[in-house]
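Listed below are the residues making up each chain.
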Amino acid sequence: MNNAEKFLETYKELAEESFKKWGYYYPPKTWEEFDARNYSFYEKYLKEKENGIKKTKAFIRLANTMNDFSFYNLYQNFDFENLNNILFQTSRQKLLNRGMLASGTDHCNVLFNTFSSFSCNDFSVIDHFFPKELPQSKGKFYTEVSVNLLKVLYYEQTEFKNEAIAKADKFLSKKITSWEKHTVQYFRALVKNDAQDASNSLQELCTAFQKMEHSVNKLNNKLAKYFAYEINGIYRFAMIVNQELFERINQPKHHCFSNEFELWQKENNFPKGKIFYKYPKEMEFMNTIFKAELPTVELYNPYPDRKKIELYKNVEKFAEDLTENADKKQ
């Protein structure tokens, strides 16, 4: 796997920095440290917490520790099936967390997180986070413009094709970042059935990925740049909407894109990832959350008295539905 050694080296350096500064290793380097951190969180925030939305949100925060630690373990004894499963579990945690956080925007702000789900062939997230019945977005942000195009492709909404392309063209004429530009351009190329433009956009996205700020968190910024599995996900999205076009798109040649992973995917018929790590008995509710049916995002107008109608994702409804779905699984 490309950059595995660099990832491990950086991970250890960051853990050592944490120990020198705070007296504990973060991210954890061993299963013992990982378990100790989880049990400490459980004792402080979960043990006495009553059932309900607050408990669900706390468990989702607990699962965040696995997001970097799982890759650290993976790269020490690499296996593509484990990678696929790790991508499923970590992307699901991030999506669920994002779904419950207010953003001041509509449902499209989770787009980047869905790319991670695509990388393990979990395309079902589209139906829940970008449901067909929701209206086309206004196109103010690259996420909205891209989701409009994505829905045209995924749901075969040809009646919105021209409108979605027009919004994309208008957005591309603005001063925007390279990541924004080439993400929109990629989905636009898929709508236009342009394999060359799609190929070029993927290559440019790899370069743009290296320049992005992935988080205010120093750890995430450093580690994220070694493997852009989100771009593997964007690439593979084309497969489910236009197989013929997908076969004509060239994979990027860049160290952050895994061509080996794509070969493994093809040889194994593109399997959907599964849960990688099961939490112990005390934290069984986290396993239940991962098994529960995904809620479907809804929009609402929190300011009905204003003349201008603005739709935002209903994060409280999402949290309520997730809690209810998880409770049904217990």
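Before reading further, recall that the structure is shown in the block above.
Remember, it's a predicted structure, so these values are computed and weren't measured experimentally. Throughout this description, residue numbers start from 1 for each chain and increase along the sequence as written. Confidence filtering applies because this is a predicted model: local features only for residues at pLDDT of at least 70, side-chain atom pairs given and counted only at 80 or more, and all residues used for totals across whole chains, interfaces and linings. Excluded from the side-chain calculations are hydrogens and water; all other atoms, namely the structure's heavy atoms, are used.

Draft legend 1. Representation of the packing of aromatic side chains. Any Phe, Tyr or Trp ring, taking Trp's six-membered ring, that has another such ring centre within 6.5 Å forms a pair; planes under 30 degrees apart are called stacked, those over 60 apart edge-to-face, and the others tilted. Scanning all chains against the criterion turns up 33 aromatic pairs. With a centroid separation of 4.8 Å and 10° between ring planes, the pair formed by F34 and F69 is classed as stacked. Taken together, the residues span a long stretch of sequence, with F34 in helix α2 (residues 31-46) and F69 in helix α4 (residues 66-76) at a distance of 35 residues. Accessibility here uses a 1.4 Å probe with only protein chains present; expressed as a share of the type maximum, an area under 20% marks a residue as buried, one over 50% as exposed, and anything in between as partly exposed. Here F34 falls in the buried class, since its relative accessible area comes to 0%. Judged by centre distance (4.8 Å) and plane angle (40°), the rings of Y235 and F246 are tilted. Linking Y235 in helix α13 (residues 229-241) with F246 in helix α14 (residues 243-246), this pair joins segments that are eleven residues apart in sequence. A relative accessible area of 5% places Y235 in the buried class. Taken together, the ring pairs connect F7, Y11, F71, Y72, Y75, F78, F80, Y226, F227, Y229, F261 and W264 into an aromatic cluster. Note on criteria: charge over ring means Lys NZ or Arg CZ within 6 Å of the ring centre, with the direction from the centre no more than 35 degrees off the ring normal. Its guanidinium or amino end placed over the ring of F285, K55 lies 4.9 Å from that ring's centre, counting from NZ or CZ. In this arrangement the basic side chain of R236 is found over the ring face of F261, its NZ or CZ atom lying 5.3 Å from the centre. For the purposes of this entry, the term helix denotes a DSSP run of H or I that reaches at least four residues, the term strand denotes a run of E that reaches at least two, and both are numbered from the N terminus.

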